[in-house]
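Close look at the chain arrangement
Chain residues, written in single-letter form:
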Amino acid sequence: MSTPAVEVGHYQEHHQSFFERWFMSTNHKDIGTLYLCFSFLMLFVGGSFAMLIRAELFEPGMQLMQPYFFNELTAMHGLVMIFGVIMPAFVGLANWMIPMQIGAPDMALPRLNNLSFWLLPFAFILLLSTFFMPGGAPAAGWTMYPPLVLQGGESIAFLIFSIHLLGISSVLGSINIIATILNMRAPGVDLMKMSMFCWSWLITSFLVIAVMPVLSGAVTMVLFDRFFGTNFFNAAAGGDPVMYQHVFWFFGHPEVYIMILPAFGIISEIVPTFARKPLFGYRAMVYAIACIAFLSFLVWSHHMFTVGLPLGAEVFFMYATMLIAVPTGVKIFNWVTTMWKGSLSFETPMLWAIGFIVLFSIGGFSGVMMALVPADFQYYGTYFIVAHFHYVLVGGALFSIIGATYYWLPKWSGHMYSGFWSKLHFWSSVISVNVLFFPQQFLGFAGMPRRIPDYNVAFANWNMVSSIGGFWFGATQLIFVGVVIHCVFFSRAKASSRVWEHAYGLEWTLPSPAPHHSFTVPPVVDDSQLVQTGATAH
Amino acid sequence: MSQPDDGQPKPSVDEALRAAERRKASARRTAWIIAGIAIAFFVASLVHGHLVGISNWVPPH
Ligand SMILES: [Cu+2]
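Chains are numbered independently. Their residues run from 1 in the order of the written sequence. To read the labels, note that chains go from A and ligands from 1, taken in the order they are written. Local features in a predicted model are, by the rule used here, given only for residues with pLDDT of at least 70; side-chain atom pairs are given and counted only at 80 or more, and totals for whole chains, interfaces and linings are based on all residues. For the side-chain quantities, the full set of heavy atoms in the structure was used; hydrogens and water were omitted.

Moving on, we come to the overall build of chain A. Starting at the N terminus, helices and strands are each numbered in turn, a helix being any DSSP run of H or I of at least four residues and a strand any DSSP run of E of at least two. Each helix and strand counted, chain A has 15 helices and zero strands in total. As a reference, a globule follows 2.2 Å times the number of residues to the power 0.38, and the radius of gyration itself is taken over C-alpha atoms. Radius of gyration (C-alpha) of chain A: 23 Å, near the 24 Å computed for a compact globule of 538 residues. Each principal axis of the C-alpha atoms in chain A carries an extent, and together these give about 70 × 50 × 50 Å. By residue count, 62% of the 538 residues in chain A fall in the buried class. In what follows, residue pairs with any heavy atoms lying within 4.5 Å of each other are defined as contacts. Look at the contacts in chain A between residues 6 or more apart in sequence, and 83% of them connect residues 24 or more apart. Partly exposed residues are those whose accessible area sits between 20% and 50% of the maximum for their type, while under 20% is buried and over 50% is exposed, using a 1.4 Å probe and protein chains only.

In structure tokens form, the structure reads like this:
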């Protein structure tokens, strides 16, 4: 088919050197691959910190490291996993899938896209280099509360600069996603017929735009307090350390939705495919995401119930937080209802999606528990909190990213992966993740504080169980590496264009692997290709 | 290519180029507006810190 318009987007395809293709790339698929590979690498960096933490906590007493180094590990584990793994992985998925799902040739601003990615490696070189500096890496937790964070070494300047870079990177990435979705949709892809993954990312982008600059502002004030003699957070000079927590959590709570809304989008893609039914309540799903995003700006002080807020504020933030359970419940209900009486089949992506729904619900329930102010006085600063956010971030966000990889990998690579090994990966992960995090809830109830390298012997048994689960879960992820490498480089099983029998959406109209440039001419879209709307029940 | 061939007339090169240009210009406009919002949030967080700081400020002795 040689229509003249094909030439419009046809440039530089076949004569790119390795350097040009990967370092100078403006192609959304290549940049998506870079993001995904980078986050995969960082998963093992952050994961190795977690393994060291669990090794030290295997038994009471100090075995392996100095206490200060343990503190460095907990802080860096959080920073790497949040900013280096979960966020870049979702941006990588957005890069790959959004243009293909809306029938666009590429992202709206391809060179900006290149910049967004390449800020990341430099930011993390800065951040990780702090381990080798005199005074060590930042050790005051990923939340960087003053005054503690001001008492560390000079490496905090590197931490803050790397957070500035990460903030610029994710803001530019979000600008690109918004510009793409609002301007590049093919005729027929109306907003209310768009895939749930695109919807979730459109709304997430606005969260990023609103809160990453606020994090930058907060750490900028920390930088000035530490090096330039200001007293924003210095109580001795009339500053207010609690103000840092307000500004930080105004960022921090929407941040947790930045890490879970794209996961909601992914699950809403996978479940209808393997239930062989349109998504139940498409509009309700869109409104629920928008509602969660809006409420996320009104709940930040639930991270600060114990700092001495006025009673009225505590009550407001308690009810506002519990309110979020309503739209979240709508989503869980609609996924389950989509499966209800469907012709279910349990291919690998579906297993991860169901794993997500169960584990995320466990994490969500413990979230509602700690929203209760009086109860939170008991939970605050304990392993119960640690268990909660690992259920939503590992069982939730990470499971959805792995599920998305298994869902779209055949489309990316053109090959099928091993069903046996990918399912083994799932079952081993879903069992070990519970061995790892479920006992932490018991430890939290019993009062074990987070961020400590040593603990009372009363906590010994469950810590050992948790550590065993941790090593098991960590080792299991090596299966993932093997499955992906085998699929991309060695698999002989060719994938068809519509990889999954009942998969709908424009990406499945493209061949597998997806061509380097797709939709150089806007496709002619009719509703039957956009099953998400429920317009056509097959 | 990969698009479904529906037998409808295809746009000419000129038309397609113009449409692409229009989209690009519109995307740039969107990008600047959103960037403005991001910068506003950054400045607002600093102003907030500044104002809270000023109201509590104790002169150094
Ligand atoms: Cu929160």
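Moving on, we get to the packing of aromatic side chains. All names here are of chain A. Put simply, two rings from Phe, Tyr or Trp (the six-membered ring, in Trp's case) pair if the centres are within 6.5 Å, and we call them stacked under 30 degrees between planes, edge-to-face over 60, tilted for the rest. Following the criterion strictly, the structure yields 54 aromatic pairs over all chains and no others. Judged by centre distance (6.2 Å) and plane angle (35°), the rings of Trp 352 and Tyr 406 are tilted. Linking Trp 352 in helix H11 (residues 348-371) with Tyr 406 in helix H13 (residues 383-413), this pair joins segments that are 54 residues apart in sequence. When sorted by exposure, Trp 352 lands in the same class as Tyr 406, which is buried. Taking 6.3 Å as the distance between ring centres and 90° as the angle between the ring planes, the aromatic pair formed by Tyr 391 and Phe 438 counts as edge-to-face. Here the residue Tyr 391 occupies a position in helix H13, and Phe 438 occupies one in helix H14 (residues 419-446), the gap between them amounting to 47 residues. Each residue in the set Phe 40, Phe 44, Trp 352, Phe 399, Tyr 406, Tyr 417, Phe 426, Trp 427 and Phe 480 is aromatic and connected to the rest through ring pairs, giving one cluster. For a ring to carry a charge above it, either NZ of a lysine or CZ of an arginine must fall within 6 Å of the ring centroid while also lying within 35 degrees of the normal to the ring plane. The lysine or arginine in question, Arg 226, covers the ring of Phe 227, its NZ or CZ lying 4.9 Å from the ring centre. Over the aromatic face of Tyr 504 sits the side chain of Arg 498, whose NZ or CZ is 5.1 Å from the ring centroid.

Moving on: the packing of helix H2 (residues 28-56) of chain A against helix H4 (residues 110-129) of chain A. Residue and element names in this part refer to chain A. Taken N-terminus to C-terminus, the directions of H2 and H4 make an angle of 15°; their axes are 10 Å apart at the nearest point. Relative to H4, H2 is oriented roughly parallel. For the pair H2 and H4, the sense of crossing is left-handed. When H2 is examined against H4, the residues His 28, Ile 31, Leu 34, Tyr 35, Phe 38, Met 42, Val 45 and Phe 49 are found in contact with a partner set consisting of Pro 110, Asn 113, Asn 114, Ser 116, Phe 117, Trp 118, Leu 120, Pro 121, Phe 124 and Leu 128. Among the residues forming the contact of H2 with H4, the class breakdown is 14 nonpolar, four polar and no charged. A fitted line through C-alpha atoms serves as each axis, taken over the contacting stretch for helices, and the angle formed by two N-to-C directions is quoted from 0 to 180°. Orientation labels follow simple angle bins: below 35 degrees gives roughly parallel, above 145 gives roughly antiparallel, 65 to 115 gives roughly perpendicular, and whatever is left gives oblique. A crossing counts as left-handed when the near helix is turned anticlockwise from the far one by less than a right angle, and as right-handed when that turn is clockwise. Here the nonpolar group is Ala, Val, Leu, Ile, Met, Phe, Trp, Tyr, Cys and Pro; Asp, Glu, Lys and Arg are the charged ones; every other residue, Gly included, is treated as polar.

So, about unusual backbone geometry. Residue and element names in this part refer to chain A. The residue after Pro 146, namely Pro 147, is reached through a cis peptide bond having omega 5°. Tracing the backbone through its elements, the reader meets Pro 147 in the loop between H4 and helix H5 (156-183). Here the bond from Ser 512 into Pro 513 is cis, since omega is -5°, no more than 30 degrees from zero. With respect to the helices, strands and loops of the structure, Pro 513 is situated in the segment after helix H15 (460-490). Even without glycine at this site, Arg 451 takes up a positive phi of about 60°. With respect to the helices and strands, the residue Arg 451 is situated in the loop between H14 and H15. Judged by relative accessible area, Arg 451 falls into the partly exposed class, the value being 32%. A positive phi angle is found at Phe 519, which is not glycine, with a value near 50°. Positionally, Phe 519 belongs in the segment after H15. Given the relative accessible area of 2%, Phe 519 is considered buried.

All names here are of chain A. Within the protein, the atoms that donate to the copper ion are His 253 (ND1), His 302 (NE2) and His 303 (NE2), at distances of 1.7 to 1.9 Å. Taken in sequence order, the residues that donate to the copper ion follow the motif H-x48-H-H. A residue is classified by how much of its surface remains accessible, and His 302, at 13% relative accessible area, is buried. Counted as donors are N, O and S atoms no farther than 2.8 Å from the metal, or 3.2 Å for Na, K and Ca; water is not among the atoms, and sites may therefore look incomplete.

On to the side chain of Thr 337 of chain A. All names here are of chain A. Residue placement: Thr 337 occurs in helix H10 (residues 311-339). Judged by relative accessible area, Thr 337 falls into the buried class, the value being 17%. Pairs of N or O atoms are called polar contacts if they sit within 3.5 Å, as long as, within protein, a hydrogen donor faces a hydrogen acceptor (for residues adjacent in sequence, only side-chain-to-side-chain pairs). Here the side chain of Thr 337 touches Phe 333 through a polar contact of 2.4 Å, landing on its backbone oxygen. Excluding its chain neighbours within four sequence positions, the residues that come into contact with Thr 337 are Lys 277 and Phe 280.

Residue and element names in this part refer to chain A. Take a side-chain nitrogen of Lys or Arg and a carboxyl oxygen of Asp or Glu: if they are within 4 Å of each other, that pair is a salt bridge. Throughout the structure, instances matching the rule amount to four salt bridges over all chains. With its nearest N and O atoms 2.9 Å apart, the salt bridge here joins Asp 30 to Arg 21. By relative accessible area, which is 32% here, Arg 21 ends up partly exposed. Notably, a salt bridge pairs Arg 226 with Glu 154, separated by 3.8 Å at the nearest N-O pair. With a gap of 72 residues between them, Arg 226 in helix H6 (residues 196-227) and Glu 154 in the loop between H4 and H5 connect regions that are remote in the sequence. The class for Glu 154 is exposed, based on a relative accessible area of 53%.

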